[in-house]
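Observations on the three-dimensional arrangement
Chain by chain, the residues:
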Amino acid sequence: MTSSTIHRVTTLDLAVRPVVWPFAEERRAEIEAYFAEKQRERPKIWNGRILLGRDAVFTDGHLAATYFETDFASFLAWRDWGFPDPAVFNGFGMGALRTSDGAFVMGEMAHHTVNGGRIYFPSGTPDLDDVRDGTLDIPGSVVREIEEETGLIPADYAAEAEWHCVVTGQAIAMMQILNLDMPGEVARARIEANLADQAEPELSAIHLVRGMDDVTPTMPRFVTAFIAQQFASR
């Protein structure tokens, strides 16, 4: 498994700026051909605009970085080709839903998605809808992804102030624990009912993950290790 480093921070300073990405410009023809191949495998994926990061600095409970706009095809090729530009990272928010009886709620991605079969907390690569006044709003991105994937809204959980930033290779998962006022089986049933109402949900199954240290006030080690493994090649 790819090794990871965990930083706990309370503030995120993520500026969005216009940046020319040489990888995307110089290998455009190869990228387009590769994306066409991936679309033949999974016709539902589309080449939308997303945000990637660079120049991440962790200092005294603070994360600062610069984000720039690119297309999903370039991101996918960069990821699948082994991250040929190591100055860039995929930095995204994750909502670590924890139930009142100590279970973490994770979703299994549906086959039609680019990460089909993998198991995550609700998350997604940031896009232009997550930009507020020239900065990347990761807390807002987490709220949006949770509602889209599970149907849960902010009134259903209490967000902790600290972010657990798991750095694994070229990925930074910014995880925030969200405490649900309901036990695991109730949460799973509610989310499954929401998925049943969707024509093509992003998730194919809901998993409750438990361990002896689930109820500690910090992120359990087995959860962060699991996420590091899942996102090593995301």
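Each chain has its residues counted from 1, running along the sequence as written. Totals for whole chains, interfaces and linings use every residue, but because this is a predicted model, local features are given only for residues with pLDDT of at least 70 and side-chain atom pairs only at 80 or more, for both listing and counting. Note: side-chain values were computed over all heavy atoms of the structure, leaving out hydrogens and water.

1. Thoughts on the overall build of the protein chain
The way it works is that DSSP assigns letters per residue, a run of H or I at least four long becomes a helix, a run of E at least two long becomes a strand, and they are numbered from the N terminus. Broken down by element type, the protein chain carries 6 helices and 12 strands. Think of it in three bands: residues with accessible area under 20% of the maximum for their type are buried, residues over 50% are exposed, and the middle band is partly exposed, with areas taken using a 1.4 Å probe on protein chains only. A total of 234 residues make up the protein chain; the buried ones form 49% of that total. Restricting to contacts in the protein chain with at least 6 residues of sequence separation, those with at least 24 account for 72%. Here, Shrake-Rupley sampling with a 1.4 Å probe gives the accessible areas, and only protein chains in the shown set may cover a residue. For the protein chain, the accessible area works out to roughly 10,600 Å², and carbon and sulfur atoms hold 51% of it. Contacts were defined at the residue level, with two residues in contact if any of their heavy atoms lie within 4.5 Å.

2. Observations concerning the confidence of the model for the protein chain
In this model, the protein chain carries an average pLDDT of 88, and 88% of its residues clear a pLDDT of 70 or more. Confidence scores here are pLDDT values: one per residue, from the predictor, ranging 0 to 100. Counting interchain partners and residues more than four positions distant, the pLDDT-below-50 stretch residues 212-220 has 25 contacts. Below pLDDT 50 for its whole length, residues 229-234 participates in 27 contacts with residues either more than four positions away or in separate chains.

3. Comments concerning the pairing of strand β6 (residues 104-109)
Along β6, 5 of the 6 residues are buried, which leaves the element largely enclosed by surrounding structure. In this sheet, β6 lies alongside strand β5 (residues 88-98) in antiparallel orientation, the contact comprising 2 bridges. Bridging from a neighbouring strand, arginine 98 pairs with phenylalanine 104 of β6. Here β5 folds back onto β6 in antiparallel fashion, the turn holding 5 residues, of which glycine 102 has a positive phi close to 85 degrees. Of the strand pairs in this sheet, β6 and strand β12 (residues 203-209) are connected by 6 bridges, and their pairing is antiparallel. Bridge pairing in β12 places methionine 106 opposite histidine 207. When DSSP finds two or more bridges between two strands, those strands count as paired.

4. Description of the nonpolar core
To qualify as a nonpolar core, a set must consist of buried Ala, Val, Leu, Ile, Met, Phe, Trp, Tyr and Cys residues joined through side-chain atoms within 4.5 Å. Of all hydrophobic cores here, the largest spans 44 residues; its most connected members are Leu14, Tyr67, Leu97, Val105, Met174 and Leu180. Core analysis: the next-biggest nonpolar cluster, separate from the first, contains 18 residues, Trp21, Ile31, Ile45 and Leu76 among them.

5. A few points about the environment of glutamine 198
With respect to the element layout, glutamine 198 can be found in the loop between α5 (184-196) and β12. For the pair glutamine 198 and glutamate 149, spaced 49 residues apart in sequence, the C-alpha separation works out to 9.9 Å. Dropping the residues within four chain positions of it, glutamine 198 is found in contact with Glu148 and Glu149.

6. Concerning the packing of aromatic side chains
Aromatic contacts are taken between Phe, Tyr and Trp rings whose centres are within 6.5 Å, Trp giving its six-membered ring; a plane angle under 30 degrees counts as stacked, one over 60 as edge-to-face, and the others as tilted. Taken as a whole and assessed by the stated rule, the structure comprises 11 aromatic pairs. Here tryptophan 21 and phenylalanine 68 contribute two aromatic rings whose centre-to-centre distance is 5.5 Å and whose plane-to-plane angle is 65 degrees, an arrangement assigned as edge-to-face. Here phenylalanine 68 lies in strand β4 (residues 62-71) and tryptophan 21 lies in the loop between β2 (11-16) and α1 (22-26), a separation of 47 residues in the sequence. Here the two residues tryptophan 21 and phenylalanine 68 agree in accessibility, since each one is buried.

7. Regarding the pairing of β4
The buried count for β4 comes to 7 of 10 residues, which makes it a mostly enclosed element. Alignment of β2 against β4, held across 6 bridges, turns out to be parallel. Bridge pairing links threonine 11 to histidine 62 in β4. In this sheet, β4 lies alongside strand β3 (residues 49-59) in antiparallel orientation, the contact comprising 9 bridges.

8. Quick word on unusual backbone geometry
Of note, aspartate 60 is a non-glycine position whose phi angle comes to about 50 degrees, a positive value. Position of aspartate 60 among the secondary structure elements: in the loop between β3 and β4. Classification of aspartate 60 as exposed rests on a relative accessible area of 84%. Positive phi, normally seen in glycine, also occurs at phenylalanine 83, with a value near 60 degrees. For phenylalanine 83, a relative accessible area of 18% gives the class buried.

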